[in-house]
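Spelled out from the first residue to the last, the chains are:
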Amino acid sequence: MDFTTNLAESGFPSVDAFLEVREKWMPIGKAAIALCLLRAEAESRKKMFPPNQPRDHWYEALWARLKAPSWQAFKTNPWHVISFNYDRSLERYLVRVLCNHYRLNEQTVCNQLPILHVHGSLGDYDAFPFGGRIAAETHEIAANSIRVVHESDVGKSQFANAQRLIQGAERVLFIGFGYHEQNMQKLAIGKHRSHLDRQIMMGT
């Protein structure tokens, strides 16, 4: 297939980077990304809460810091997540933990999480079941919800919201961030460097 051959022989480290310069493959590229990540969501659903085994990942660490005596108290936490990922595994983790910790239903929780996907995601968390059967409609929603880097007009995208959150934050933590030059520019990291220098920055 021309798409797989072109991608494999392109020298680009990711499908996203490849699609930035080969726009004719955008529809099939997004469809491929969506299918792979929907399958990954299904796998992560099985492994996210393994019975009788320790769970050692940053989702657990985040929950430990955010945990509050009540749901109302939890909602007063001054936190936001700016994600460059398409998958919704963090939403899944927090929705399930919050529902079971505070005896809530998913509908109450899923629209209350301050998680910003600057490149889009596989769709809203409540658009279709996380890790469920991959139907044609599900796949279409996921593919159409993805945005690659050059499609994101900073002034009209979630990057503008991300900039406001960073500028107003008391502390910014970078976790698993690749420091891609275009992403740094769209977050206005250089423009607000003096502000960020006063904050704790972490890269892993």
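The structure reproduced in this document is the subject of the present report. (Residues numbered from 1 in each chain as written. Predicted model: local features only at pLDDT ≥ 70, side-chain atom pairs only at ≥ 80, totals over all residues. Heavy atoms only, no water.)

Counting secondary structure elements, the chain contains eleven helices and two strands. Scanning the chain from its N terminus toward the C terminus, one meets helices and strands in the order α-α-α-α-α-β-α-α-β-α-α-α-α. Looking at the chain residue by residue over its 204 residues, the buried ones come to 40%. Long-range contacts, defined as pairs at least 24 residues apart, comprise 71% of the intrachain contacts of the chain with a sequence gap of at least 6. When the accessible area of the chain is evaluated, it comes to approximately 12200 Å², of which 50% is carbon and sulfur surface. (Helix = DSSP H or I, 4+ residues; strand = E, 2+ residues; numbered from the N terminus. Buried < 20%, exposed > 50% of the residue type's maximum accessible area, 1.4 Å probe, protein only. Contact = heavy atoms within 4.5 Å. Areas by Shrake-Rupley, 256 points an atom, 1.4 Å probe, with all protein chains shown as cover.)

Glancing now at helix α6 (residues 89-102). Taking 1.5 Å per residue as the helical rise, α6 with its 14 residues ought to reach 20 Å, and the 20 Å between its terminal C-alpha atoms agrees with that figure. Burial analysis of α6 places eleven of its 14 residues in the buried class, which makes it a mostly covered element. Within α6 the residues assigned to the buried category are S89, L90, E91, R92, Y93, L94, V95, V97, L98, C99 and Y102. The inward-facing, buried residues of α6 abut α3 (26-47), α4 (58-66), α5 (71-74), β1 (81-83), α7 (106-110) and β2 (115-117). Positive backbone phi, at 60 degrees, marks R103, one or two positions downstream of α6. (Expected span 1.5 Å × (residues − 1).)

With that settled, consider the pattern of salt bridges. On inspection of all chains with the given rule, the structure shows four salt bridges. Two residues, K46 and E43, come together in a salt bridge whose shortest N-O distance is 3.3 Å. Here E43 and K46 lie together in helix α3, a separation of three residues that amounts to about one turn. A salt bridge links R96 to E106; the shortest N-O distance between them is 2.9 Å. Taken together, the residues R96 in helix α6 and E106 in helix α7 connect sequence positions ten residues apart. The exposure class of R96 is partly exposed, given its relative accessible area of 24%. Using a relative accessible area of 29% as the deciding quantity, one classes E106 as partly exposed. Salt bridges sharing partners connect three or more residues here, namely R92, R96 and E106. (Salt bridge = Lys/Arg side-chain N within 4 Å of Asp/Glu carboxyl O.)

Moving on, we get to the packing of aromatic side chains. Summed over the entire model, instances satisfying the criterion amount to 18 aromatic pairs. Judged by centre distance (6.1 Å) and plane angle (65 degrees), the rings of F3 and F18 are edge-to-face. Highlighted residues: F3 in helix α1 (residues 2-8) and F18 in helix α2 (residues 15-21), separated in sequence by 15 residues. As far as burial versus exposure is concerned, F3 and F18 are alike and both buried. On the basis of an interplanar angle of 50 degrees and a centroid distance of 6.3 Å, the ring pair of F74 and Y102 is categorised as tilted. Here the residue F74 occupies a position in helix α5, and Y102 occupies one in helix α6, the gap between them amounting to 28 residues. In this pair, the class of F74 matches that of Y102, namely buried. (Phe/Tyr/Trp six-rings, centres within 6.5 Å; stacked < 30°, edge-to-face > 60°.)

Limitation: the analysis is restricted to geometry and does not speak to function.
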